[in-house]
Amino acid sequence: SASAGAGVFGAVGRVKESAQHVWAQQKPMSEILDASTYARPVSFGDATSRMQKNLNYFRINYLVFASAVLSLFVLFHPSSLAIFGSVAAAWVYVFSVRSEPLKIGDRELSHRETLMGMSALSAFVIFMLTSAGTVLFSGLGVALLGVGAHAAARVPDDLFVEDANDNKGFFSFLEPPSRNGQVSSGTV
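Caption draft 1: Broad picture of helix α7 (residues 132-153). Helix length check: α7, at 22 residues, gives a terminal C-alpha distance of 32 Å against a target of 32 Å (1.5 Å per residue), a fit within 8%. Taken together, the buried positions of α7 are A132, G133, V135, G139, A143, V147, G148, H150, A151 and A152. Its buried side turned inward, α7 meets α2 (29-32), α3 (44-57), α4 (59-75), α5 (78-97) and α6 (111-129).

In structure tokens, the structure reads:
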């Protein structure tokens, strides 16, 4: 129907707007890769302090890096790509394509029951029946290792002066942009 199509395009537009808002918060690569800002931490406390500051400051860059590493791991394991694609197709079919509700016997499943069932089935397929979960965790481990090494080795210096007043937490970048281009003051 036309109203369903308009709803889908409206949702896609909001997702695109939010993605552009998040992407705009990314720090320049020149700040990340500046070789003069790397030094071995003198103590464990120094490393954790650097990690805390760098994780907050470069959070979008680290999320992009982790997403890229996970994507590469999945792409280099075609069987895992096929499994994730099949699971995604099953979700699309159950929640978007099917027009009638799911039934087990004569009992109609609620949306919540369908969601919980699909989640359990997806987890079972990904982590128990196939090696896709191993690929996912391996990629996540490599991504976390790279992020942790960068965050611990990079000396924060004075990069955080501009962000000192904006520290609303790690996931504050998920706050939707307001209509006038400013970040909303609500919490996520």
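Caption draft 2: Structural detail: the pattern of salt bridges. Summed over all chains, the structure comprises 3 salt bridges. In this structure, R50 and D46 form a salt bridge, with 3.3 Å as the shortest nitrogen-oxygen distance. One end of the pair, R50, and the other, D46, are both in helix α3, 4 residues apart, so they sit about a helical turn from each other. On the basis of relative accessible area, R50 is assigned to the buried category, the value being 7%. One salt bridge connects E100 with R98, and the closest N-O pair in it is separated by 3.5 Å. Overall, the relative accessible area of 43% leaves E100 in the partly exposed class.

Caption draft 3: Highlighting the confidence of the model for the chain. On average, the chain scores 83 in pLDDT, and the residues at 70 or more come to 79%. Within the chain, the element-level pLDDT minimum falls on helix α1 (residues 2-24), averaging 71, and the maximum on α7, averaging 95. Here residues 183-188 is modelled with pLDDT under 50, and outside its nearest four sequence neighbours on either side it reaches 12 contacts, counting other chains as well.

Caption draft 4: Molecular detail of the side chain of S80. By the element assignment, S80 lies in helix α5. With residues near it in sequence (within four places) discarded, S80 still touches V74, S131, A132 and V135.

Caption draft 5: Spotlight on the nonpolar core. In terms of nonpolar packing, the biggest core is built from 6 residues, these being I32, Y57, F58, Y62, V147 and A151. Sequence-distant contacts of Y62, that is, excluding residues within four places in its chain, are made with N54, L55, V147, H150 and A151.

Cut-offs and rules
Residues numbered from 1 in each chain as written. Predicted model: local features only at pLDDT ≥ 70, side-chain atom pairs only at ≥ 80, totals over all residues. Heavy atoms only, no water. Helix = DSSP H or I, 4+ residues; strand = E, 2+ residues; numbered from the N terminus. Expected span 1.5 Å × (residues − 1). Buried < 20%, exposed > 50% of the residue type's maximum accessible area, 1.4 Å probe, protein only. Contact = heavy atoms within 4.5 Å. Salt bridge = Lys/Arg side-chain N within 4 Å of Asp/Glu carboxyl O. pLDDT = per-residue confidence, 0-100. Core = buried A, V, L, I, M, F, W, Y, C linked by side-chain atoms within 4.5 Å.

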